[in-house]
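For reference, the chains in residue letters:
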Amino acid sequence: MASIFTKIINREIPAHILAESERFIAFLDVNPLVMGHALVVPKAEVDDVFDLADVELQEALTFARTVAQGIRKVISCRKVGVSVVGLEVPHAHIHLIPLNRVDDMNFGKPKLKPEQSELASLAAAIRTAIEH
């Protein structure tokens, strides 16, 4: 059965997409830890990020850097943190989380529930920042 991320990649379910390449896609987390929390996902359905081939792992980080730079242009933050957890969805993914304090990356805290319109506006701003 296809993962929820594969369904997003195949456009079977909607997502607030930030960037896309031949091998990767980035989109906003719909239940973010902080606003601007994004996921970078390989299009190949691989469970563990460290099961990606060396070249794919390198490409994933380069792609993630581009997305993180776009996030920093839009979200006021000190840094964009990177986390690989992968327990909830059996499809490799990298979390990009705008950080102003360490607790911004606490996966145990309650997640935000932003309106879809707010996520759509944020995604549009980040896409524009990535393109320029």
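Scroll up a little and you will see the structure.
Because the structure is predicted, anything quoted here is derived from the model rather than measured. (Residues numbered from 1 in each chain as written. Predicted model: local features only at pLDDT ≥ 70, side-chain atom pairs only at ≥ 80, totals over all residues. Heavy atoms only, no water.)

K.L.:
What exactly am I supposed to notice about the nonpolar core here?
P.N.:
A general trend in soluble globular proteins is that nonpolar side chains are found buried together. The biggest cluster of nonpolar side chains holds 26 residues, and the ones touching the most others in it are Leu18, Leu28, Val40, Phe63, Val67, Ile71 and Leu96. Those elements giving two or more residues to this core turn out to be β1 (17-20), β2 (24-28), β3 (38-42), α2 (54-74), β5 (94-99) and α3 (116-131). Residue contributions to this core peak at six residues, all from α2. The residues contacting leucine 96, other than those within four sequence positions of it, are Gly36, His37, Ala38, Val40, Ala64, Val67, Ala68, Ile71, Val80, Gly81 and Val82. (Core = buried A, V, L, I, M, F, W, Y, C linked by side-chain atoms within 4.5 Å. Buried < 20%, exposed > 50% of the residue type's maximum accessible area, 1.4 Å probe, protein only. Helix = DSSP H or I, 4+ residues; strand = E, 2+ residues; numbered from the N terminus. Contact = heavy atoms within 4.5 Å.)

K.L.:
Before we go on, may I ask you to explain the sheet that holds β2 in this structure?
P.N.:
Here five strands make up an open sheet; going across it, the order is β1-β2-β3-β5-β4 and the pairing antiparallel. In this open sheet, the two edge strands, each paired with only one partner strand, are β1 and β4 (79-83). On average, each strand axis in the sheet is inclined to that of its neighbour by 20°, with strand direction left out of account. Here five bridges tie β4 to β5, and the two strands are oriented antiparallel to one another. Looking at the pairing, valine 82 lines up with leucine 96 of β5. The strands that α3 touches are β1 and β2; relative to β1, the one it contacts most, it runs at about 30°. (Pairing = 2+ DSSP bridges. Axes fitted to C-alpha atoms, helices over the stretch in contact; angles between N-to-C directions.)

K.L.:
Sorry, what's going on with the environment of glycine 81 here?
P.N.:
Along the chain, glycine 81 turns up in strand β4. Note: C-alpha distance between glycine 81 and lysine 109 (28 residues apart in sequence) is 16 Å. Excluding its chain neighbours within four sequence positions, the residues that come into contact with glycine 81 are His95, Leu96, Ile97, Leu99 and Met105.

K.L.:
When you look at a negative patch on the surface in this model, what are you seeing that I'm missing?
P.N.:
On the surface, a cluster of negative charge is made up of Glu45, Asp47, Asp48 and Asp51. Among the structural elements, aspartate 47 can be located in the loop between β3 and α2. (Patch = residues over 30% accessible without salt bridge, like charges linked within 9 Å, V, L, I, M, F, W, Y side chains within 5 Å. Areas by Shrake-Rupley, 256 points an atom, 1.4 Å probe, with all protein chains shown as cover. Salt bridge = Lys/Arg side-chain N within 4 Å of Asp/Glu carboxyl O. Lys, Arg positive; Asp, Glu negative; His and termini not counted. Charge placed at Lys NZ, Arg CZ, Asp CG, Glu CD.)

K.L.:
What should I look at first to understand unusual backbone geometry in this one?
P.N.:
Both trends apply: most residues other than glycine have a negative phi, and most peptide bonds are in trans. Phi is positive for arginine 11, close to 60°, though the residue is something other than glycine. Turning to its location among the elements, arginine 11 is positioned in the loop between α1 (4-9) and β1.

On their own, these measurements won't tell you what the molecule is for.
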